[in-house]
Amino acid sequence: MAFIKTKWTPEEAEEWTKEDIIIWVLSPISYVLISVGSALSIFLIPIGFLLLALGVIVTIVLFAIANPKLNVISGEYEKRQKEYLERLERITRWEE
Amino acid sequence: MIYKYGLAGLWYAFFSAWCAISAFASARIFRRSLAYTQAEWQSLRFSGLGAELLRGWFAGWQVFMNMFILGWVGIAMGKVCHFLFGWPIWVGLVFFSSLVAIYVLTAGYWGVVVADFQQGVIAFFMIIITSIWGVMAAGGPEKITAKLNSIGQGWRLNPFHFTGTFTGDFPLAWFITMIVIAVLGGFGMGTSIDWYVEAQRIQSSKTVKDASYSIWWGTAFVLFRNSFWAAAIIAFFAMFPHLTNPAEYEMAWYVIGFKVLPVGMVGFFFASILAIHFSTISTHLNLGAMYFTRDIFQHYIKPDASERTLVWVGRITTLVLLLGSFFYGLMMEELTSWLIFALWIMAAGVWLPNILQVIWWRFNSWGYLTAWIANLGLSWLVVWVLPAFKVIPSLPDYVQFWILMFLGALIYIPVTLLTPPEDMDHLVKFYVMSRPYGWWKPVKREAIARGLIKEV
């Protein structure tokens, strides 16, 4: 998995990287496989089970790539959230 | 659609796949903005008069749209009750929507969320159970497949069976357009009518990560559920393959639920219909009230309003939305074609601007406003006026989409480039807070120069 980065510093995680692009490609594929795979599986059509299984695998890979980065982004952002919320209130009340 | 086109009809419900990319792209950016609504987001992304015009426009449009959706969904419930119990249509509309309004008025968003969770579970499981029952009632999967093949309808089990590349009423070109709109639309905000509802879900998630995952998994379950729904309609087709009147086959799901399920399950089935109805009504009552309260009342009428005042304004707006929805619902037949046209306007000409506002720093509020205004005129011309005068032929909707997108860009891109960019201070604040993707280099450079972010 060296091709895929799993350890992120907050600064690195803020950048949009090749991991994000991979996620953007895998995610719609996963939806298509789940939709088509489950519909065909209900009718016991063999290719349906195969597509559904592929959909599950793609989903697992997708989240394995997304999770480490999102954990870091989320944690880092929450530290600054209060300050942003205060600014939002100031804009709505015409104080900024 | 499934009755008409077989499993390929699944793609009509695939527009929700905008969440595939959005969950890991625009949802993340929106969550970081902390904006309560899409209208409020406009004042974070853009600045000055243009931003205020956009915020006001979005807020007003959304109050109207939520009232319209409430009427639309409400009258559908009226029709179901008429079909089931013989009630006059207005009774189902007024009674059930009012019932929902009670808990929305008293419990607010928290009540909507808690009830919605339970309603989602009820609806999901009943759809799965009813669909399986429907398939078994038609003889089970093997018999359905055999029957379809024996009457020359085996193609209905092929999700990629189209009527041609460009020919017929369900061509491959439509499918490709839909995939582009849905999937690439995830890079933007507001590229789907569902965005405005999902934006509320994104913002009420505890963390950025929760927002991403809730959007992704919510849609995954919807698509999974749709597959079961589709299977049930295929089963219905196997039982009644010769229906040609849409009014008959459009009731397929209700026929399965009320005629095929055992008597003891019918109550659960009706509960699932109510769950879907309650969930939609409560969401839109609350959402419409939020746009009015936050973006119109608080921002433009009384910026120093107390929390107590805001809660009361929210409640009064909820009530007004409810009453307005009765009005819309009862005149829906006359309004529907016009409003579908209005929805189409939202989808076609502003699809690209909705993406550009996220991915391109130079895109400004004047370009975005121009896109909306230009699109009103262009849609009118391309969809109605020019075909009516036989200047152009009546075009399929997917062709209209590409034409409107291209013509609109010819207007709003020059306007964007001929008007000044947004204020750099404002853009830097937005960039540091939201960290958008795409073409933001000058803004990023400025943020680094000011020491607000580190260069990696």
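The residue numbers shown here count from 1 along each chain, following its written sequence. The naming scheme follows written order: chains are lettered A onward, ligands numbered 1 onward. The predicted origin of the model limits local features to residues at a pLDDT of at least 70 and limits the giving and counting of side-chain atom pairs to 80 or more, whereas totals for whole chains, interfaces and linings rest on all residues. Side-chain measures here rest on the full set of heavy atoms in the structure, leaving out hydrogens and waters.

1. Considerations on the overall build of chain B
Right, on to step 1. For chain B, the count of helices and strands is 20 helices and 0 strands.
Right, on to step 2. This radius of gyration counts C-alpha atoms alone. The globule rule is 2.2 Å times how many residues there are, raised to the power 0.38. Since a compact globule built from 456 residues should have a radius of gyration of about 23 Å, the 23 Å found for chain B is in line with a globular shape.
Right, on to step 3. Along the first, second and third principal axes, the C-alpha set of chain B runs to 70 × 55 × 50 Å.
Right, on to step 4. Between buried and exposed lies partly exposed: a residue is buried under 20% and exposed over 50% of the maximum accessible area for its type, with that area taken using a 1.4 Å probe on protein chains only. Going through the 456 residues of chain B one by one, you find that 57% of them count as buried.
Right, on to step 5. The contact criterion used is simple: two residues touch if any of their non-hydrogen atoms lie within 4.5 Å. Across chain B, the fraction of contacts at a sequence separation of at least 24, relative to all contacts at a separation of at least 6, is 76%.
Right, on to step 6. The charge count includes Lys and Arg as positive and Asp and Glu as negative, but it does not include His or the ends of the chains. The atoms used to mark charge sites are NZ of Lys, CZ of Arg, CG of Asp and CD of Glu. Across chain B, the 28 positively charged side chains and the 21 negatively charged ones have centroids separated by 6 Å. Each helix is a run of DSSP H or I of at least 4 residues and each strand a run of E of at least 2, with the numbering of both proceeding from the N terminus.

2. Section: the overall build of chain A
Right, on to step 1. Assigned secondary structure in chain A consists of 3 helices and 0 strands.
Right, on to step 2. Ordered by position from N to C terminus, the α and β elements of chain A give α-α-α.
Right, on to step 3. Against the compact-globule benchmark of 12 Å for 96 residues, chain A has a radius of gyration of 20 Å, which places it well outside the compact range.
Right, on to step 4. Expressed as lengths along the three principal axes of its C-alpha atoms, the size of chain A is roughly 60 × 35 × 15 Å.
Right, on to step 5. Counting all 96 residues of chain A, 51% fall into the buried class.
Right, on to step 6. Long-range pairs, those at least 24 residues apart, make up 52% of the contacts in chain A between residues at least 6 apart in sequence.
Right, on to step 7. In these tables, accessible area is a Shrake-Rupley quantity obtained with a 1.4 Å probe, and a residue counts as shielded only by the protein chains included in the view. Summed over its atoms, the accessible surface of chain A is roughly 4,600 Å², and 71% of this surface lies on carbon and sulfur atoms.

3. Here's the deal with the packing of helix 3 (residues 46–92) of chain A against helix 19 (residues 424–434) of chain B
Right, on to step 1. Running from N to C, helix 3 of chain A and helix 19 of chain B cross one another at 145°; their axes reach a closest spacing of 11 Å. Contacts between helix 3 of chain A and helix 19 of chain B involve A:Tyr77, A:Arg80, A:Tyr84 and A:Arg87 from the former and B:His426, B:Lys429, B:Val432 and B:Met433 from the latter.
Right, on to step 2. Each residue gets one label: Ala, Val, Leu, Ile, Met, Phe, Trp, Tyr, Cys and Pro are nonpolar, Asp, Glu, Lys and Arg are charged, and the others, such as Gly, are polar. Here the residues of the contact of helix 3 of chain A with helix 19 of chain B are counted per class, giving 4 nonpolar, 1 polar and 3 charged. Lines are fitted to the C-alpha atoms to define the axes, a helix being fitted only along its stretch in contact, and any angle between axes, read from their N-to-C directions, falls within 0 to 180 degrees.

4. Remarks on the domain arrangement of chain B
Where interface size is given, it is often the accessible area lost as the parts come together that is meant.
Residue and element names in this part refer to chain B.
Right, on to step 1. Where a domain begins and ends is set by an automatic assignment or by a domain database. Here the domain parsing of chain B yields domain 1 (2–330) and domain 2 (333–422).
Right, on to step 2. Listed by partner, the interface residues are 38 residues for domain 1 and 28 residues for domain 2.
Right, on to step 3. Put simply, buried area is the surface a 1.4 Å probe can reach on two separate parts but cannot reach once they are joined, added for both. Buried area between domain 1 and domain 2, summed over both chains or domains, comes out near 2,800 Å², and the portion from carbon and sulfur atoms is 72%.
Right, on to step 4. In the sections that follow, a salt bridge refers to a side-chain nitrogen of Lys or Arg positioned within 4 Å of a carboxyl oxygen of Asp or Glu. At the junction of domain 1 and domain 2, the tally comes to 0 salt bridges.
Right, on to step 5. Looking at the side of domain 1 that touches domain 2 residue by residue, the classes come out as 26 nonpolar, 10 polar and 2 charged.

5. So, the side chain of B:Thr293
Residue and element names in this part refer to chain B.
Right, on to step 1. Looking at where Thr-293 falls in the secondary structure, it is placed in helix 13 (residues 263–301).
Right, on to step 2. Contacts described as polar in this section are N or O atom pairs within 3.5 Å, which, within protein, must combine one atom able to donate a hydrogen with one able to accept it, while residues neighboring in sequence count only if both atoms come from side chains. Reaching out from Thr-293, the side chain makes a polar contact with the backbone oxygen of Ala-289 at a distance of 2.6 Å.
Right, on to step 3. In this structure, Thr-293 is in contact with Gln-298, Leu-310, Val-313, Gly-314 and Thr-317, ignoring residues within four places of it in sequence.

6. What about a nonpolar patch on the surface?
Right, on to step 1. Patches here are clusters of residues that have more than 30% relative accessible area and form no salt bridge, with a 9 Å joining cutoff for like charges and a 5 Å cutoff for nonpolar side chains (Val, Leu, Ile, Met, Phe, Trp, Tyr). Judged by side-chain polarity, A:Ile47, A:Leu50, A:Leu54, A:Ile57 and A:Val61 come together as a nonpolar surface patch covering roughly 430 Å² of accessible area.
Right, on to step 2. Residue A:Ile47 is classed as partly exposed on the basis of its relative accessible area of 43%.

7. Thoughts on helix 7 (residues 141–150) of chain B
Right, on to step 1. All of the buried residues in helix 7 of chain B are B:Pro141, B:Ile144, B:Thr145 and B:Leu148. Looking straight down helix 7 of chain B, one finds that the buried residues subtend no more than 95° of arc, so they occupy a single side. Residues of helix 7 of chain B that are exposed and point over 90 degrees away from its buried face: B:Glu142, B:Lys143 and B:Ser150.
Right, on to step 2. Lining the buried residues of helix 7 of chain B we find helix 2 (18–42) of chain A together with helix 6 (89–137) and helix 10 (208–239) of chain B.
Right, on to step 3. Positive phi appears at B:Gly152, one or two residues downstream of helix 7 of chain B, with a value of about 70°. The directions considered for the arc run from the helix axis to the C-beta atoms.

8. Points about the environment of B:Leu356
Residues and elements named next belong to chain B.
Right, on to step 1. Along the chain, Leu-356 falls in helix 16 (residues 351–359).
Right, on to step 2. Separated by 169 residues in the primary sequence, Leu-356 and Phe-187 place their C-alpha atoms 8.9 Å from one another.
Right, on to step 3. In contact with Leu-356, other than residues within four places in its own chain, are Phe-363, Tyr-412 and Ile-413.

9. Remarks on the packing of aromatic side chains
Residue and element names in this part refer to chain B.
Right, on to step 1. A pair of aromatic rings is counted whenever rings of Phe, Tyr or Trp (Trp by its six-membered ring) have centres within 6.5 Å, and the orientation is called stacked for planes under 30 degrees apart, edge-to-face for over 60 and tilted otherwise. Evaluated as defined, the whole model comprises 63 aromatic pairs over all chains.
Right, on to step 2. Judged by centre distance (5.1 Å) and plane angle (65°), the rings of Tyr-3 and Phe-237 are edge-to-face. Remark: Phe-237 occurs in helix 10 and Tyr-3 occurs in helix 1 (residues 2–5); sequence separation between them is 234 residues.
Right, on to step 3. Given the relative accessible area of 5%, Tyr-3 is considered buried.
Right, on to step 4. In this structure Phe-237 comes out as buried when scored by relative accessible area, which is 4%.

10. Topic: the packing of helix 16 of chain B against helix 18 (residues 397–418) of chain B
All names here are of chain B.
Right, on to step 1. Relative orientation of the contacting elements helix 16 and helix 18 amounts to 50°, with a least axis distance of 9 Å. In terms of axis orientation, helix 16 runs oblique to helix 18. On helix 18, the residues touching Trp-351, Leu-352, Pro-353 and Leu-356 of helix 16 are Phe-401, Met-405, Tyr-412 and Ile-413.
Right, on to step 2. For the contact of helix 16 with helix 18, the class distribution of residues is 8 nonpolar, no polar and no charged. Note that the term roughly parallel is reserved for angles under 35 degrees, roughly antiparallel for angles over 145, roughly perpendicular for angles of 65 to 115, and oblique for everything else.

11. Thoughts on the interface of chain B and chain A
Right, on to step 1. At the junction of the two partners, chain B supplies 67 residues and chain A supplies 47 residues.
Right, on to step 2. Summed over both sides, the interface between chain B and chain A buries roughly 5,200 Å², with carbon and sulfur atoms accounting for 66% of that surface.
Right, on to step 3. Taken together, chain B and chain A are joined by 5 salt bridges.
Right, on to step 4. Notably, a salt bridge pairs B:Arg32 with A:Glu14, separated by 2.9 Å at the nearest N-O pair.
Right, on to step 5. In this assembly, chain B and chain A are joined by 18 residue pairs in polar contact (both at pLDDT 80 or more).
Right, on to step 6. Among the secondary structure elements, those contributing two or more residues to the side of chain B that touches chain A are helix 2 (18–22), helix 3 (26–33), helix 4 (38–45), helix 5 (48–85), helix 7, helix 10, helix 13 and helix 19 of chain B.
Right, on to step 7. Ranked by the residues each element gives to the side of chain B that touches chain A, the list is headed by helix 10 of chain B, at 15 residues.
Right, on to step 8. The residue inventory of the side of chain B that touches chain A, partitioned by class, reads 42 nonpolar, 10 polar and 15 charged.

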